[in-house]
Amino acid sequence: MASPVRVWLNRTYAENVFFMDQLRRNPADRAVEIHATHGDPDSPVLAAADTADLEPEGLSPAGYVEYALDQCARRAIDVFVPRLHQSALVAHRAEFEAAGTALLAPPPEAVALFRDKVIAYEAVRAIGVPVPPWWRVRTADELVLAVEELEAGGHRACFKPASGAGGVGFRTVTRDPFSLAHLSGFPSPSVPLPLVVEALRAAEEPVDWLVMPRLEQPEVSVDCLTGTDNRVRLAVGRTKNGRRRGFTLHEQWLAPARRIAEAFALHHLSNVQFRMYGDRPVLMDVNTRPAGGLHQLALCGVNVPWAAVRLALGDDPGELEPPFLGQDYAVVSGPRPLRPVSVPHQRTDLPAVPTPAAAAAQAPAPGPAQAPAASAPVGLT
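Keep in mind it's a predicted model, so treat the numbers as computed, not measured.

Our focus in this paragraph is the confidence of the model for the chain. Any region with low pLDDT has predicted coordinates that should not be read closely. For the chain, per-residue confidence averages 90 on the pLDDT scale, and 89% of positions sit at 70 or higher. Overall, residues 355-381 carries pLDDT values under 50, and its contacts beyond four positions in sequence, including any with other chains, amount to 28 contacts.

Written out as structure tokens, the structure is:
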């Protein structure tokens, strides 16, 4: 009987509880043991994992690499899916491989390229993939100039950090004066231009923003699985148009996503997002990690997380084609269990890792007057 595959997800999105569920329900019926770490003791990924640790706060990227290498050794991790400090971690791939751990992430050059949206837009445009017009702004005057040029072309302006993920910091610029209308109903991503200009001029440091036209729906997120030979094994688009979600295999979305994944070595799982600029799709963003909505491809009859783990372990799944496209759907929230207390617990039925290095790395149990460290495992009570 094959030994269990040990997979670690670090400080990941709450939606990846579904990623974890799919790993356990893999079509090979292979046992999977999942380790999770997070800075929030009430993250549902900790409750969904077989073993879990709280991550120490305040580590530098280099310090986090050392922490991660120790986790992989102590937990005998086969596949590590890094999100936090991904750039620093992939630069030490050889050290993880020496410890017996495969990183499910692209090479450092690809991660670095797509951390900066301006550099990424320039690189993607150079290989023939359409991108929207953009301006990199750092001052109030540069912002006003960019907004005026966009408005002169009939577009609404928006801005977001040049480096960032998950829509954090995205705002749409409006000329409407601030009034009670902005304080009624739900908070809006629209901000009056004069308030933004005032904040920029009062700031002690320049910003680093990408200003561009407000792109229109539909939004299509293409999930790609790419081998280390730079060949895409799977590409499926997830469509978003208001509340309605669906799937597409139309080449106007898939062809540019494949081109990006193959040209820039986006190995393993990546997500390429497009929206409409006028009557044509243009690139919006590229994520060098699994998308939070990746699990939704199960509605098309494919288990992408498991295929990605197989690929990371050197078991090439070959080219994957969804047997069907799922019907349109909507996303609704639902309850997920949390740990009964705010400190991660451990399954007690898992065998200890039978390696001297792992045993030596275990810290001694704290004494009666000593509280356990934040990152130390706590036995199930």
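On we go from here.
What follows concerns the sheet that holds strand β10 (residues 209-213). Read from one edge of the open sheet, five strands run β6-β10-β7-β8-β9, paired in mixed fashion. Looking along the sheet, the strands with just one partner apiece sit at the ends: β6 (135-137) and β9 (190-192). Geometrically, the sheet is characterised by an average inter-axis angle of 35° between neighbouring strands, direction not taken into account. Pairing analysis gives five bridges linking strand β7 (residues 157-161) to β10, with the strands arranged antiparallel. Counterpart to P161 in the pairing with β10 is W209. Along the sheet, helix α7 (residues 117-126) contacts β6, β7 and β10; its crossing angle with β10, the most-contacted strand, is approximately 50°.

Turning our eyes to something else, we now look at the pattern of salt bridges. A full pass over the atoms with the stated rule returns 24 salt bridges. E151 is the salt-bridge partner of R175, the closest N and O atoms lying 2.8 Å from each other. One end of the pair, R175, is in the loop between β8 (171-174) and β9; the other, E151, is in helix α8 (residues 140-152), and 24 residues separate them in sequence. Taking the shortest distance from any N to any O, the salt bridge between E251 and R258 comes out at 2.9 Å. Put simply, D229, R231, R233, D316 and E319 are held in one network by salt bridges that share partners.

Counting residues in each nonpolar core, the largest one holds 37 residues, and the members touching the most others are V7, L23, L104, L269, L297 and V309. Residue assignment for this core shows that the elements contributing at least two residues are β1 (5-10), α1 (17-24), β2 (32-38), α2 (44-48), β3 (51-54), β4 (79-81), β12 (232-241) and α11 (304-312). Once residues within four sequence positions are removed from consideration, L269 is found in contact with F19, L104, C224, L225, T288, R289, P290, L294, V304 and A308. By size, the runner-up hydrophobic cluster in this structure holds 34 residues, among which are F114, C158, L215 and A257.

It is the contact of α8 with helix α9 (residues 193-202), at a shortest axis distance of 9 Å, that shows an interaxial angle of 155°. If you check the angle between α8 and α9, you find them roughly antiparallel. On α9, the residues touching A140, D141, L143, V144 and V147 of α8 are L193, V196, V197, L200 and R201. When the residues that make up the contact of α8 with α9 are grouped by side-chain class, the tally is eight nonpolar, no polar and two charged.

Turning next to a nonpolar patch on the surface. There is a patch of nonpolar side chains on the surface, built from F178, L180, L183 and L195 and spanning about 450 Å² of accessible area. Inspection of the secondary structure puts L183 in the loop between β8 and β9.

Bringing the packing of aromatic side chains into the picture now. For the coordinates displayed, the defined rule picks out nine aromatic pairs. Through a chain of ring-to-ring contacts, three or more aromatic side chains come together here, namely W8, Y64, Y67, F80 and F96. Sitting over the face of the ring of Y13, R83 holds its NZ or CZ atom 5.0 Å from the ring centroid.

Now for helix α6 (residues 108-115). One turn of the α-helix equals 3.6 residues, which is why residues spaced by three or four share an orientation. For α6, the full list of buried residues reads A110, V111, L113 and F114. The arc that holds the buried residues of α6, viewed along the axis, is 160°, so those residues lie on one side. For α6, the exposed residues lying more than 90 degrees away from the buried face are E109 and R115.

What follows concerns the sheet that holds β4. Strand order in this open sheet of five strands is β3-β2-β1-β4-β5, and the pairing throughout is parallel. Single-partner strands in this sheet number two, and they are β3 and β5 (102-103). Where β4 lies against β5, two bridges are found, and the strand directions are parallel. Note that in β5 the partner of V79 across the bridge is A102. Against the sheet, helix α3 (residues 61-75) touches β1, β2, β3 and β4, its axis set at about 155° to β1.

What follows deals with empty space enclosed by the protein. Sizing a probe to match a water molecule and rolling it over the atoms shows the empty space that remains. This structure, assessed with the given rule, holds two cavities of 30 Å³ or more. Estimated volume of the largest cavity: approximately 60 Å³. Looking at the largest cavity, the residues that line it are L9, T12, Y13, N16, F19, V81, P82, R83, R289 and P290. Grouping the constituent residues of the lining of the largest cavity by class yields six nonpolar, two polar and two charged. For the second largest cavity, the calculated volume is near 40 Å³. Residue lining of the second largest cavity: F114, K117, A120, Y121, L283, M284, D285 and V286, and that is the complete set. Looking at the lining of the second largest cavity, the elements that each hand over two or more residues are α7 and β15 (280-287). The leading source of residues in the lining of the second largest cavity is β15, at four residues. Per-class residue counts for the lining of the second largest cavity are six nonpolar, no polar and two charged.

Our focus in this paragraph is the environment of L103. Note that L103 resides in strand β5. A relative accessible area of 3% means that L103 is categorised as buried. Along the chain, L103 and V309 lie 206 residues apart, while their C-alpha atoms are 9.6 Å from each other. Excluding residues within four positions of it along the chain, L103 makes contact with F80, L89, V90, R93, F96 and H268.

Definitions and cut-offs
- Residues numbered from 1 in each chain as written.
- Predicted model: local features only at pLDDT ≥ 70, side-chain atom pairs only at ≥ 80, totals over all residues.
- Heavy atoms only, no water.
- pLDDT = per-residue confidence, 0-100.
- Contact = heavy atoms within 4.5 Å.
- Pairing = 2+ DSSP bridges.
- Helix = DSSP H or I, 4+ residues; strand = E, 2+ residues; numbered from the N terminus.
- Axes fitted to C-alpha atoms, helices over the stretch in contact; angles between N-to-C directions.
- Salt bridge = Lys/Arg side-chain N within 4 Å of Asp/Glu carboxyl O.
- Core = buried A, V, L, I, M, F, W, Y, C linked by side-chain atoms within 4.5 Å.
- Buried < 20%, exposed > 50% of the residue type's maximum accessible area, 1.4 Å probe, protein only.
- Parallel < 35°, antiparallel > 145°, perpendicular 65-115°, else oblique.
- Nonpolar A, V, L, I, M, F, W, Y, C, P; charged D, E, K, R; others polar.
- Patch = residues over 30% accessible without salt bridge, like charges linked within 9 Å, V, L, I, M, F, W, Y side chains within 5 Å.
- Areas by Shrake-Rupley, 256 points an atom, 1.4 Å probe, with all protein chains shown as cover.
- Phe/Tyr/Trp six-rings, centres within 6.5 Å; stacked < 30°, edge-to-face > 60°.
- Lys NZ or Arg CZ within 6 Å of the ring centre and 35° of its normal.
- Arc of directions from axis to C-beta.
- 1 Å grid on protein atoms, 1.4 Å probe; cavity = no way out; pocket = protein on both sides within 12 Å on 5 of 7 lines; lining within 4 Å.
- Points joined across faces, edges and corners; volume = space filled by probe spheres on them.

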